[in-house]
Amino acid sequence: METLKGSEIWLPQNNLFDEIIAYAKESSLKQSAKQKKILEVAIGMFAKKGYSNTSTAEIAKLAEVSEGTIFKHYGTKDKLLFSIIFPFIKSALPSLADEVFREIFTEKTATFEDFLMAFFKNRTQFIMENRQIFQVVVKELIYREELRNELLPLFQENITPRINRVVDYFKAQGELIQLPNEIILKALFTFFGGFFISNFVWLNRSAVSDDEMKAAVQFVMHGLTNSNEGKRIMKK
């Protein structure tokens, strides 16, 4: 875990592998006996040792198959991990989205800035715990158009309507400008997506500080303008 002096660190609490293991046990996906064994062993080893510390040779040995069999079915270790994650994402995303929004959009959410900060902390915490999974998913989506075509509509279907309701609520409170929701959401996804990818994929950081998250949210809310609100924030 990365140490950042002078700032609170949000420690990860959500291990996605635990949920994937539970899903894999209940799943009835059509696979050969060898494939099922490979996936079961891979999930267990990734969860126990970490993705980077697990080799395909170790997986092959415990699964009692040749390493060539793994390469034949999956090609690379990244693609093996993605074959584990992808069915889980498709199955679990709606319930996961409901759970996240129940946690962060409550009666205590007084302002849109409160919502953004809660959402940002929640997803940052989740990615910190599942950084290697996040890295693989991002890289696969960048290079594989067919996956983008399948996954992105799934995210739009399950995430976009929920954030739209939040935006509509705070527009009605007079807190947000009357831009079309599509423009607001595109700006939010671009900024926060860029923050997550730049920090956890390109820079390969293991943590970000509470101060960094606050600065990012304040930038979204107030931008670079030299307003009285901006000056007030900078004095804090």
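Now for a look at the structure at hand. (Residues numbered from 1 in each chain as written. Predicted model: local features only at pLDDT ≥ 70, side-chain atom pairs only at ≥ 80, totals over all residues. Heavy atoms only, no water.)

1. Observations concerning the environment of Trp202
Its location among the elements puts Trp202 in helix α10 (residues 181–202). Assessed through its relative accessible area of 57%, Trp202 is described here as exposed. It is 8.9 Å that separates the C-alpha atoms of Trp202 and Gln135, two residues lying 67 residues apart in sequence. Those residues in contact with Trp202, other than ones at most four positions away along the chain, are Ile142 and Ile197. (Helix = DSSP H or I, 4+ residues; strand = E, 2+ residues; numbered from the N terminus. Buried < 20%, exposed > 50% of the residue type's maximum accessible area, 1.4 Å probe, protein only. Contact = heavy atoms within 4.5 Å.)

2. Section: the nonpolar core
Counting residues in hydrophobic clusters, the biggest one holds 33 residues, and the most contacted among them are Phe112, Phe115, Phe120 and Phe196. For this core, the elements supplying multiple residues, two or more each, are α5 (77–104), α6 (112–129), α7 (131–143), α9 (160–172), α10 and α11 (210–222). If we ignore the near neighbours within four places in the chain, the residues touching Phe115 are Phe101, Ile104, Phe105, Thr109, Val166 and Phe170. Counting 29 residues, the second largest nonpolar core, distinct from the first, contains Ile38, Phe82, Phe86 and Leu154. (Core = buried A, V, L, I, M, F, W, Y, C linked by side-chain atoms within 4.5 Å.)

3. Looking at the packing of α5 against α6
Contact geometry for α5 and α6: axes closest at 9 Å, N-to-C directions at 130 degrees. Put simply, α5 runs oblique to α6. As α5 packs across α6, the resulting crossing turns out to be right-handed. Facing α5, whose interface residues are Val100, Phe101, Glu103 and Ile104, α6 presents Phe115, Ala118, Phe119, Asn122 and Arg123. Taken together, the residues that form the contact of α5 with α6 break down as six nonpolar, one polar and two charged. (Axes fitted to C-alpha atoms, helices over the stretch in contact; angles between N-to-C directions. Parallel < 35°, antiparallel > 145°, perpendicular 65-115°, else oblique. Left-handed = near helix turned anticlockwise from the far one by under 90°. Nonpolar A, V, L, I, M, F, W, Y, C, P; charged D, E, K, R; others polar.)

4. Examining α11
With 13 residues, α11 should cover 18 Å at 1.5 Å per step; its first-to-last C-alpha distance of 18 Å lies within 8% of that length. By the burial criterion, the buried members of α11 are Asp210, Met213, Ala216 and Val217. Buried residues in α11, looked at end-on, bunch into an arc of 130 degrees, giving them a common side. Looking at the packing, one finds that the buried side of α11 touches α6 and α10. A positive backbone phi angle near 60 degrees is found at Gly223, which sits one or two residues after α11. (Expected span 1.5 Å × (residues − 1). Arc of directions from axis to C-beta.)

5. Things to note about the packing of α7 against α10
Helices that pack against each other are described as a pair by the angle of their axes relative to one another and the distance between those axes. Orientation of α7 relative to α10, taken along the N-to-C sense of each, is 110 degrees, at an axis distance of 10 Å. Regarding the angle of α7 to α10, the classification is roughly perpendicular. Pair α7 / α10 crosses with left-handed handedness. Facing Arg131, Phe134, Gln135, Val138, Lys139 and Ile142 of α7, the residues of α10 in contact are Phe196, Ile197, Phe200, Val201 and Trp202. In terms of residue class, the contact of α7 with α10 is built from eight nonpolar, one polar and two charged.

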